Amino acid sequence: FNSTIGLDQSYIKGFFPLVNSLLKYKMDSNQLYLQISTLKSVGVFLNQAGIIPMRCTIVYKEMINLKIVAEIANILKTTSTGVTSLHKAAIQALAVCLHPTSGETFPFPWKRNPSELLNEFTLALPVFEQLRACAFKYLEGFDWLQSLVNIYNSEEENQANS
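Structure report, in brief. (Residues numbered from 1 in each chain as written. Predicted model: local features only at pLDDT ≥ 70, side-chain atom pairs only at ≥ 80, totals over all residues. Heavy atoms only, no water.)

A look at the overall build of the protein
Helix and strand counts for the protein come out as seven helices and zero strands. Going residue by residue from the N terminus, the α and β elements of the protein occur as α-α-α-α-α-α-α. Going through the 162 residues of the protein one by one, you find that 42% of them count as buried. Here the analysis covers contacts within the protein between residues at least 6 apart in sequence; of these, 74% occur between residues at least 24 apart. If you sum the accessible surface of the protein, you get close to 8,900 Å²; carbon and sulfur atoms cover 56% of it. (Helix = DSSP H or I, 4+ residues; strand = E, 2+ residues; numbered from the N terminus. Buried < 20%, exposed > 50% of the residue type's maximum accessible area, 1.4 Å probe, protein only. Contact = heavy atoms within 4.5 Å. Areas by Shrake-Rupley, 256 points an atom, 1.4 Å probe, with all protein chains shown as cover.)

And the structure:
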């Protein structure tokens, strides 16, 4: 990441096609950490892209074009068989897709140059909305609310057992 150019295009063009392949590949429980790390990396890329979104629109377009959001939704479909760390990582990555700006960046514009960066956020809003619409399109195919409840309940059970 560079504050002048954003995310390096070569990383995006090289990494995102691999993401799709890694998320589609059915791994056994010993290899699950690779998919979890992949989802965490997607979240990091999206958070960094949210810092200067107009210079990083390729990240959002790759998420849509490569159907990475669809793969994340497919992971969430399987929560009825039990919630794993993969499901928890998937919901975190999906949350960043639905609200792709860093919490410190644009909700608090007075911490930065508000006129320049707020304008950039406003210009990037259509790209954010396109990603959000794409995510909801893939979520409509199943009972995603029940999947989120399953993940939430599993976290509550883990905290109660600790």
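So, next bit.
Topic: helix H2 (residues 32-49)
With 18 residues, H2 should cover 26 Å at 1.5 Å per step; its first-to-last C-alpha distance of 26 Å lies within 8% of that length. Residues Leu-32, Gln-35, Ile-36, Thr-38, Leu-39, Val-42, Gly-43, Phe-45, Leu-46 and Ala-49 constitute the buried set of H2. Summarising the contacts, the buried residues of H2 are in contact with helix H1 (9-24), helix H3 (57-65), helix H4 (68-76) and helix H5 (85-98). (Expected span 1.5 Å × (residues − 1).)

Re the pattern of salt bridges
Summed over all chains, the structure comprises two salt bridges. In this structure, the salt-bridge partner of Lys-13 is Glu-62, at a minimum N-O distance of 3.1 Å. Of this pair, Lys-13 sits in helix H1 while Glu-62 sits in helix H3, placing them 49 residues apart in sequence. Judged by relative accessible area, which is 10%, Glu-62 ranks as buried. For the salt bridge of Arg-132 with Glu-129, the shortest nitrogen-to-oxygen distance reads 2.5 Å. One end of the pair, Arg-132, and the other, Glu-129, are both in helix H6 (residues 114-139), three residues apart, so they sit about a helical turn from each other. Its relative accessible area of 19% is what places Arg-132 among the buried residues. (Salt bridge = Lys/Arg side-chain N within 4 Å of Asp/Glu carboxyl O.)

Points about the packing of aromatic side chains
Inspection of every chain in the model, using the stated rule, returns five aromatic pairs. Aromatic side chains Phe-15 and Phe-16 sit 5.6 Å apart centroid to centroid with 85° between the ring planes, which places their arrangement in the edge-to-face category. Put simply, the rings of Phe-15, Phe-16 and Phe-45 touch in pairs and so form one group of aromatic residues. (Phe/Tyr/Trp six-rings, centres within 6.5 Å; stacked < 30°, edge-to-face > 60°.)

Notes on the side chain of Ser-147
Looking at the secondary structure, you find Ser-147 in helix H7 (residues 144-161). Only 3.1 Å separates the side chain of Ser-147 from the side chain of Thr-79, close enough to count as a polar contact. In this view, Ser-147 contacts Leu-76, Thr-79 and Phe-142; residues no more than four positions away in its chain are not counted. (Polar contact = N/O pair within 3.5 Å; in protein donor to acceptor, adjacent residues only side chain to side chain.)

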